[in-house]
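Take a look at the letters that make up each chain.
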Amino acid sequence: MRKKIVAGNWKMNTDYPQGLWLASEVVNMVNDEVLSNVTVILAPPFSHLYGVGQLIKESPKVHLAAQNCGSEKSGAFTGEVSASMVKSVGAEYVIIGHSERRHIYGENNAMVERKIKLSLETGLYPIFCCGETLNERNSGKHFQVINSQLEEALFELTENEISRVVIAYEPVWAIGTGVNATSHQAQEIHHFIRNSIKEKYGESISDSTSILYGGSCNSKNAKELFCNPDVDGGLIGGASLKSREFVDIIKMI
Ligand code: 13P
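First, a word on scope: everything that follows refers to the structure included in this document. Because the structure is predicted, anything quoted here is derived from the model rather than measured.

### A word on the pattern of salt bridges
This structure, assessed with the given rule, holds 13 salt bridges. Across the pair E107 and R101 runs a salt bridge, and its minimum N-O distance is 3.1 Å. Across the salt bridge formed by D232 and R194, the nearest N and O atoms sit 2.8 Å from each other. You can see D232 sitting in the loop between α11 (222-226) and β8 (233-236) and its partner R194 sitting in helix α9 (residues 183-201), a full 38 residues away along the chain. Across the pair, exposure class does not vary: D232 and R194 are buried alike. Residues joined by salt bridges that share partners form a network here, namely R2, R194, D230 and D232.

### So, the side chain of S119
Of note, S119 is situated in helix α5 (residues 109-122). Here S119 falls in the buried class, since its relative accessible area comes to 0%. A distance of 2.9 Å separates a polar side-chain atom of S119 from the backbone oxygen of I116. Those residues in contact with S119, other than ones at most four positions away along the chain, are A83, V94, I96, L124 and P126.

### Quick notes on the state of the cysteines
This model, assessed by the stated rule, comprises zero disulfides. This cysteine, C69, is not joined by any disulfide, and C129 carries the nearest cysteine sulfur, 12 Å off. In this structure C69 comes out as buried when scored by relative accessible area, which is 1%. The closest cysteine sulfur to the non-disulfide-bonded C130 is located on C129, 7.7 Å from its own sulfur. Overall, C130 belongs to the buried group, its relative accessible area being 3%.

### Let's talk about the site of the ligand
Residues in close proximity to the ligand include N9, K11, H98, E170, A174, I175, G176, G215, S216, L235, G237 and G238, which together make up its full environment. Between the ligand and N9 there is a distance of 3.0 Å, counted from an oxygen atom to a side-chain nitrogen or oxygen. Within the complex, the protein chains bury 94% of what would otherwise be the 310 Å² of accessible surface of the ligand. Spatially, the ligand is embedded in the second largest pocket.

### A closer look at the pairing of strand β2 (residues 38-43)
Two faces make up the sheet, and in a regular strand the side chains alternate between them. Burial analysis of β2 places six of its six residues in the buried class, the great majority of the element. Residue alternation in β2 divides its side chains into two sets, V38, V40 and L42 and T39, I41 and A43, and both sets are buried. Pairing of strand β1 (residues 4-9) with β2, which is carried by six bridges, proceeds in the parallel orientation. Looking at β2, one finds that I5 is bridged to T39. Read as a crossover between parallel neighbours, the route from β1 over helix α1 (residues 16-33) to β2 is right-handed. Bridge analysis of β2 against strand β3 (residues 62-66) gives three bridges, and the strand direction is parallel. In the sheet register, V40 faces β3, and the bridge partner there is V62.

### Concerning the side chain of N9
Here N9 lies in strand β1. On the basis of relative accessible area, N9 is assigned to the buried category, the value being 4%. A polar atom in the side chain of N9 sits 3.0 Å from the backbone nitrogen of K11.

### Some points on α9
Counted at 1.5 Å a residue, the expected span for α9 with its 19 residues is 27 Å, and the 26 Å between its end C-alpha atoms agrees. Of all the residues in α9, the buried ones are S183, A186, Q187, I189, H190, I193, R194, S196, I197 and Y201. Note on α9: the residue one or two positions beyond its end, G202, has a positive phi of about 95 degrees.

### Focus: the layout of surface pockets
Put simply, the largest pocket is a space of about 410 Å³. Along the wall of the largest pocket there are 13 residues; nearest its centre are K11, M12, Q67, R101 and Y105. Broken down by element, the lining of the largest pocket gets its largest block of residues, three residues, from helix α4 (residues 99-104). Looking at side-chain class alone, the lining of the largest pocket contains six nonpolar, four polar and three charged residues. Roughly 260 Å³ of volume is contained in the second largest pocket. Lining the second largest pocket are 21 residues, with G176, S216, G237, G238 and A239 positioned closest to its centre.

The rules behind the values
- Residues numbered from 1 in each chain as written.
- Predicted model: local features only at pLDDT ≥ 70, side-chain atom pairs only at ≥ 80, totals over all residues.
- Heavy atoms only, no water.
- Salt bridge = Lys/Arg side-chain N within 4 Å of Asp/Glu carboxyl O.
- Helix = DSSP H or I, 4+ residues; strand = E, 2+ residues; numbered from the N terminus.
- Buried < 20%, exposed > 50% of the residue type's maximum accessible area, 1.4 Å probe, protein only.
- Polar contact = N/O pair within 3.5 Å; in protein donor to acceptor, adjacent residues only side chain to side chain.
- Contact = heavy atoms within 4.5 Å.
- Disulfide = S-S within 2.5 Å.
- Near = heavy atom within 4 Å.
- Areas by Shrake-Rupley, 256 points an atom, 1.4 Å probe, with all protein chains shown as cover.
- 1 Å grid on protein atoms, 1.4 Å probe; cavity = no way out; pocket = protein on both sides within 12 Å on 5 of 7 lines; lining within 4 Å.
- Sits in = over half its atoms within 2 Å of the grid points.
- Pairing = 2+ DSSP bridges.
- Right-handed = clockwise from strand over helix to strand, strands pointing away.
- Expected span 1.5 Å × (residues − 1).
- Points joined across faces, edges and corners; volume = space filled by probe spheres on them.
- Nonpolar A, V, L, I, M, F, W, Y, C, P; charged D, E, K, R; others polar.

In structure tokens form, the structure reads like this:
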């Protein structure tokens, strides 16, 4: 059976002491309160990875992710952090192709594909993000957009490689807006994604791929989003910065 996952993407928030505090609160609450078999992932900023990693080491349910990695292995790329660097400080996962990377920093599907390959080579599990803008949805192009993101960034991977990828559907219009996708909208796209994987790689791989929903997910709407058959958890932004709220979301799975 595929994994249930709730991941917190802290984005560019918290200084180092605040990040350690937040992580320790989450770990304590997860240890005390979360009984289900869920994989919890924390994605703090690069600067916090090692420290947060040390804190969560003792908690079997809580894992570490980077929010991004460089598109080259190493070398003269000032300001970049490579996949092997984040692996070496304890990250197991890495978020790739987040809409903020695509829209603010101009990452395209080709670059996303390179980062996914590098992270897989390094032994990380990529969390691949896809999703349409409001304009694309309003003009009925959402399936087409998701399809090209999958085709161009993921579908050159081997069966072995794709089996290590987590997918996150994050409609751009839902990120940080307070307007989440409806349960129906989420299930429709998640089903489309799973079906595309099935057509390309077969049923056993599509059945075991975790597909997360992200975009204004909170403890009030998480239950109806997570109860869909093709929604395997969430990638949470703003609501992951408050330990109580984040753990309440985790408990909805
Ligand atoms: P919000 O939960 O703040 O809408 O952000 C979602 C997101 O971008 C997670 O990666």
